[in-house]
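# Commentary on secondary and tertiary structure
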Amino acid sequence: MQNERSRQNENETVKPIGPAGSTGPAGPAGPAGTSGSTGGRKKVVLTGDRPTGALHVGHYVGSLKKRKNMLDSGEYDMFFLIADIQALTDNAENPERIRENILEVALDYLAVGLDPDRCAFVVQSQIPALFELPMYYSNLVTMARLERNPTVKAEIRQKNIDKSLPVGFATYPISQAADITAFGADYVPVGVDQLPMIEQTREIVSSFNRIYGRGGRDVLVLPEAVLPDSESQYRLVGTDGNAKMSKSLGNCIYLKDGPDAIRAKVMDMFTDPAHLRIDDPGDVESNPVFIYLDVFCTDELFAKAVAQVGPQRGAAPHASLGELKAHYRRGGVGDVYAKKLLNAVLQDVLAPIRERRQRYEANKGLVMEYLKNGTEHARACTNRVLDSVRRAIGVNYFTDEFFAQSYVRQDSPER
Ligand code: ATP
Ligand code: MG
């Protein structure tokens, strides 16, 4: 990894890469002419997850799928951070929860096909640079700016911790800026809730480079967010209709859920509360069952689900999801029927993921080894960035020969 790269990147605004950027399945192209690799150096991708629980289908559509596509393209150096320190910011009294879930998250990475031979799984707490960098960055961020962060504000409300807000939680965007910059990440594949974090990171990078960059050379790399391929995947709603499926809200379908759990959760899902009778017209736009069908259904999976579930009593089979939606809108499709189709689709999508996970569950020693190796590799990479940061600020007193030479040792003065 190259640490000091010159780029004219100050004053750029955040342009998350998503559908509008039409970046194709493999993810982003870099600045003009730099797609994939720059001067022999691959573009770096960093993203991560809090080990507060196993991962769910929101993670899958919001970030994991994009990661897998980018990894399979072979164009990027990829690091996946299991953010245990960040998870502790609102779980300080429950460290056991974090400890238990480190392996759960790694198993989910493996389950969706992230290959540890081609990327690094990294445990945040084991990387010293990630503790030191936030100290430098925190001087470049005002309290007022931190308090304005909409994601943090929403999470404080959701967790009901406004009266007992831990300093660590309030400042976690700074720690996240350290995570991203320590790897020199160019791209960060995330769900839309993370955009304010990337914005904050970019501000820190711009300030840092302006203050400490030498002779126009930037020290830190300006990252860009990479959003999922369609807007419905930016922030997948919870099964309860809540705006976000989240481990902390208990409204999740987990990647590791078995067939019975998936079925039970789907059949219990929130739908359109005004759709009381089958013949009532129904809303599909804000109806989680149809949102999920939109996100997970391919034409092929839809046809398979219809063949499996059969047509709704008294109706001809729907030829496409569009036809089903139109029928639901005008009235005549029951919630139970739509849920049965969704269940069939999700069972198909999740079965291979769950089966791959189960194979690794039987060999947790191997998973630990992947974590250890990935973390060691990451430590070396991030130390190089840390060195360049120390050099730029000038807190490298004993390794800076020029500085050391200006203090020529004399014989000990007489005391
Ligand atoms: P917690 O409740 O502990 O914060 P979480 O479910 O929000 O957990 P994170 O570990 O905070 O999950 O998020 C990891 C990544 O997954 C982030 O990039 C985030 O944007 C993405 N993500 C999380 N939930 C969703 C969702 N419902 N839809 C789309 N992306 C999501
Ligand atoms: Mg979260």
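Residues numbered from 1 in each chain as written. Chains lettered and ligands numbered in written order. Predicted model: local features only at pLDDT ≥ 70, side-chain atom pairs only at ≥ 80, totals over all residues.

For the protein chain, the helix and strand inventory stands at 16 helices and six strands. Here the protein chain has a C-alpha radius of gyration of 24 Å; the compact-globule value for 415 residues is 22 Å, and the two agree. When contacts within the protein chain are restricted to residue pairs at least 6 apart in sequence, long-range pairs at least 24 apart make up 80% of them. (Helix = DSSP H or I, 4+ residues; strand = E, 2+ residues; numbered from the N terminus. Rg over C-alpha atoms; globule rule 2.2 N^0.38 Å. Contact = placed C-beta atoms within 7 Å.)

Once that is clear, we can look at the domain arrangement of the protein chain. Per the domain assignment, the segments of the protein chain are domain 1 (19-235 + 364-393) and domain 2 (257-361). Inter-centroid distance (C-alpha atoms) of domain 1 to domain 2 is 33 Å. On the side of domain 2, eight residues touch domain 1, which itself brings ten residues to the contact. Going through the elements one at a time, helix H3 (95-111) and helix H15 (364-393) are the ones with two or more residues in the side of domain 1 that touches domain 2. Tallying contributions element by element places H3 first for the side of domain 1 that touches domain 2, with four residues. Of the residues in the side of domain 1 that touches domain 2, the class split is six nonpolar, two polar and two charged. (Domains from an automatic or database assignment. Nonpolar A, V, L, I, M, F, W, Y, C, P; charged D, E, K, R; others polar.)

Note on placement: Val237 falls in the loop between strand S6 (224-226) and helix H10 (259-267). The spatial distance from the C-alpha of Val237 to the C-alpha of Ala87 is 22 Å, given a sequence separation of 150 residues. Not counting the four nearest positions on each side in its chain, Val237 is found in contact with Asn242, Ala243, Lys244, Met245, Pro288 and Ile291.

Not every one of the 18 residues close to ligand 1 is listed here, only the nearest: Thr52, Gly58, Gly62, Gly191 and Ser248. Looking at side-chain class alone, the shell around ligand 1 contains three nonpolar, nine polar and six charged residues. (Near = placed C-beta within 6 Å.)

This part covers the pairing of strand S3 (residues 76-82). Counting buried positions along S3 yields seven of seven residues, so the element is predominantly enclosed. Residues of S3 alternate between two faces, with Tyr76, Met78, Phe80 and Ile82 on one and Asp77, Phe79 and Leu81 on the opposite face, all of them buried. When strand S2 (residues 41-49) meets S3, the two strands line up parallel, connected through seven bridges. Bridge pairing links Asp49 to Ile82 in S3. With four bridges connecting them, S3 and strand S4 (residues 120-123) associate as parallel partners. Considered in S4, the bridge of Ile82 is made with Val123. (Buried ≥ 20, exposed ≤ 12 C-beta atoms within 10 Å, placed from the backbone. Pairing = 2+ DSSP bridges.)

Grouped together as the largest cluster of nonpolar side chains are 103 residues, with contacts concentrated most on Phe79, Ala106, Val122 and Leu293. Looking at this core, you find at least three residues from each of domain 1 (19-235 + 364-393) and domain 2 (257-361). Dropping the residues within four chain positions of it, Phe79 is found in contact with Leu46, Cys119, Ala120, Val122, Phe183 and Ala378. (Core = buried A, V, L, I, M, F, W, Y, C linked by C-beta atoms within 7 Å.)

Let us look at the environment of Asp193. Within the secondary structure, Asp193 is located in the loop between strand S5 (187-189) and helix H9 (195-212). By the C-beta count within 10 Å, which is 18 here, Asp193 ends up partly exposed. Along the chain, Asp193 and Pro128 lie 65 residues apart, while their C-alpha atoms are 27 Å from each other. Those residues in contact with Asp193 that lie beyond four places of it in its chain are Thr151, Arg235 and Lys244.

Keep in mind that most residues, glycine aside, have a negative phi and that most peptide bonds are trans. The phi dihedral of Asn160 falls on the positive side, at around 60 degrees, and the residue is not glycine. Of note, Asn160 is situated in the loop between helix H6 (150-159) and helix H7 (167-170). Here Asn160 falls in the exposed class, since 8 other C-beta atoms lie within 10 Å of it.

Here the focus is the confidence of the model for the protein chain. Confidence in the prediction of the protein chain, expressed as mean pLDDT, is 89, and 90% of residues score 70 or more. Confidence drops under pLDDT 50 across residues 1-15; counting only partners more than four residues distant or on other chains, this segment forms 32 contacts. A low-confidence stretch, residues 18-37 (pLDDT under 50), is modelled with 35 contacts involving residues beyond four sequence positions or located in other chains. (pLDDT = per-residue confidence, 0-100.)

What follows is about helix H14 (residues 335-361). Of all the bends in H14, the largest measures some 35 degrees and sits at Leu350, one to four residues before the proline Pro352. Regarding H14, the residues found buried are Tyr337, Ala338, Lys339, Leu341, Leu342, Asn343, Ala344, Val345, Leu346, Leu350, Ile353 and Arg357. On its buried side, H14 packs onto H3, H10, helix H11 (288-296), helix H12 (299-309) and helix H13 (321-330). (Bend = angle between axes of the 7 residues up to and from the residue.)

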